[in-house]
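Reading the structure
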Amino acid sequence: MHDSAFIPLAHYHEAAEAVRQRIKQTPAIGLVLGSGLGSLVEEIKDADAIPYQEIPHWPHSTVQGHAGKLVIGQLENKTVLAMQGRAHFYEGYTMAQVTLPIRVMRLLGINAVVLTNAAGGLNPGFSAGDIMVIQDHINPVGLFGHSPLRGPNIGAFGPRFSINTHIYNPTLIKLAHRVAQANEISLREGVYVSLSGPAFETPAEVRMLRAWGGDAVGMSTAHEALVAYHAGMRVLGFSSITNLCLDNTEAQDEISHEEVLRLGRQIVPRLAAILRGVLREMPPFDPSEIENQPEHD
Ligand code: HPA
């Protein structure tokens, strides 16, 4: 079931066509909702919903707290396509499978994607309940072998050697800060580290990730951002800091998935306000902002 290391272009098109047949509106912006953040779809009006199982090749999550459906509708006068829950590499899917939805969004005409996740705070100045806009990422899973771009390059999406200096769109990051300030919401900014999970980090690993320059750590997002930026999309990312990572073996309080979900839900109203403002003021797409261009054979 989970042996699709490389996915042919035709499969992305089959998935995109299945979605197209079920929607009456053409989405412009993609939204990926992470752990505990799924209730954000309740803000979407006039929505069509498609369970992941009904889309060919689409990976579906087996994890509690990840509902598993696409919701397409109106938010702040923009047509958004939201993923309520995502599949993860740790569930046994390949990197190509977990990033298939991003490429399908591209085929549907989406040019901006907002990625959200639950993350542990590495930065000692952070608190549980904070929101962080992602400035950049560190992706050891991809760097050391499991890049979602490994395998035959599909030039219709982007180049063989993807450039990644500005994955997280600087204009959208500034906009996020402006919106947060206007709504009197505190917004952190920092570097997100993507690990494969599912185990939480040991204290020694937490100290290592902090030394690397990480501010938050989680089990998603970086590979999606890579695939989106490779395919010429604008990317904006938010981490909800659901817990602080424990950096010593004397620590008593443990992290739990339930606590991650609980804190995620508490963050939803603030994140929703930021998302709404970003959507409202999203500047028109300018392809020259993106360093990667499709390759033609
Ligand atoms: N580590 C990794 N992933 C997470 C964490 C964490 O502490 N919290 C929420 N997702």
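Residues numbered from 1 in each chain as written. Predicted model: local features only at pLDDT ≥ 70, side-chain atom pairs only at ≥ 80, totals over all residues. Heavy atoms only, no water.

This brings us to the pattern of salt bridges. Evaluated as defined, the whole model comprises ten salt bridges. Put simply, arginine 20 and glutamate 17 hold a salt bridge, and the shortest N to O gap is 2.6 Å. Here arginine 20 and its partner glutamate 17 are both found in helix H1 (residues 9-22), three residues apart, which amounts to about one turn of the helix. According to the relative accessible area criterion, arginine 20 is partly exposed, its value standing at 37%. Close ionic contact of aspartate 48 with lysine 24 constitutes a salt bridge, the shortest N to O distance being 2.9 Å. Of this pair, aspartate 48 sits in strand E2 (residues 45-51) while lysine 24 sits in the loop between H1 and strand E1 (29-33), and the two are 24 residues apart along the sequence. Connected via shared salt-bridge partners are Glu43, Glu76, Arg276 and Arg280. (Salt bridge = Lys/Arg side-chain N within 4 Å of Asp/Glu carboxyl O. Helix = DSSP H or I, 4+ residues; strand = E, 2+ residues; numbered from the N terminus. Buried < 20%, exposed > 50% of the residue type's maximum accessible area, 1.4 Å probe, protein only.)

This brings us to the site of the ligand. In the region of the ligand, 13 residues are neighbours, and Ala118, Gly120, Glu201, Gly218 and Asn243 sit closest. Here alanine 118 contributes a backbone N or O atom positioned 3.4 Å from a nitrogen atom of the ligand. Calculation on the ligand without its partners gives an accessible area of 260 Å², and the protein chains cover 95% of this total. Listing elements by their share of the shell around the ligand, those giving two or more residues are strand E5 (112-121), strand E8 (216-218) and strand E9 (234-244). Considering only residue class, the shell around the ligand consists of eight nonpolar, four polar and one charged. (Near = heavy atom within 4 Å. Polar contact = N/O pair within 3.5 Å; in protein donor to acceptor, adjacent residues only side chain to side chain. Areas by Shrake-Rupley, 256 points an atom, 1.4 Å probe, with all protein chains shown as cover. Nonpolar A, V, L, I, M, F, W, Y, C, P; charged D, E, K, R; others polar.)

The next point concerns the packing of aromatic side chains. Applying the stated criterion to the full structure yields two aromatic pairs. Summarising the aromatic geometry, the rings of tyrosine 12 and phenylalanine 157 are spaced 5.3 Å apart at their centres and angled 75° between planes, so their arrangement reads as edge-to-face. Taken as a pair, tyrosine 12 in helix H1 and phenylalanine 157 in the loop between helix H4 (140-146) and helix H5 (170-182) lie far apart in primary sequence, 145 residues in all. On the accessibility criterion, phenylalanine 157 (3% relative accessible area) is buried. (Phe/Tyr/Trp six-rings, centres within 6.5 Å; stacked < 30°, edge-to-face > 60°.)

Attention now moves to the layout of surface pockets. Gaps left between atoms are located by rolling a probe of water-molecule size over the structure's atoms. Put simply, the largest pocket is a space of about 330 Å³. If you trace the largest pocket, you find 23 residues lining it, with Ser35, Ala118, Phe200, Met219 and Val260 closest to the centre. If you list the elements that add at least two residues to the lining of the largest pocket, you get E5, E8, E9 and helix H8 (257-281). No other element matches the four residues that E5 contributes to the lining of the largest pocket. For the lining of the largest pocket, a count of residues per class yields eleven nonpolar, ten polar and two charged. (1 Å grid on protein atoms, 1.4 Å probe; cavity = no way out; pocket = protein on both sides within 12 Å on 5 of 7 lines; lining within 4 Å. Points joined across faces, edges and corners; volume = space filled by probe spheres on them.)

Before going further, it helps to spend a moment on the pairing of E5. By the criterion of burial, E5 is predominantly enclosed, with ten of the ten residues buried. Pairing of E1 with E5, which is carried by four bridges, proceeds in the parallel orientation. Note on E5: the bridge partner recorded for leucine 31 is valine 114. Pairing of E5 with E9 involves ten bridges; the strand directions are parallel. From the neighbouring strand, asparagine 117 faces E9, where its bridge partner is serine 239. Strand direction decides the pairing type here: E5 and E8, joined by two bridges, are antiparallel. Note on E8: the bridge partner recorded for glycine 121 is alanine 216. (Pairing = 2+ DSSP bridges.)

The subject of this paragraph is empty space enclosed by the protein. Counted according to the given criterion, the structure contains two cavities of 30 Å³ or more. Estimates place the volume of the largest cavity at around 50 Å³. Leu31, Leu40, Glu43, Ile44, Leu75, Ala272, Leu275 and Arg276 together form the lining of the largest cavity. It is H8 that contributes the most residues to the lining of the largest cavity, three residues altogether. Here the residues of the lining of the largest cavity sort into six nonpolar, no polar and two charged. The volume enclosed by the second largest cavity comes to roughly 30 Å³.

Attention shifts here to the side chain of glutamine 25. For glutamine 25, the location among the structural elements is in the loop between H1 and E1. At 3.1 Å, the side chain of glutamine 25 forms a polar contact with the backbone oxygen of aspartate 46. At 2.7 Å, the side chain of glutamine 25 and the side chain of glutamine 74 are in polar contact. Beyond its immediate stretch of four places on either side in the chain, glutamine 25 contacts Asp46, Asp48, Ile72, Gly73, Gln74 and Thr79. (Contact = heavy atoms within 4.5 Å.)

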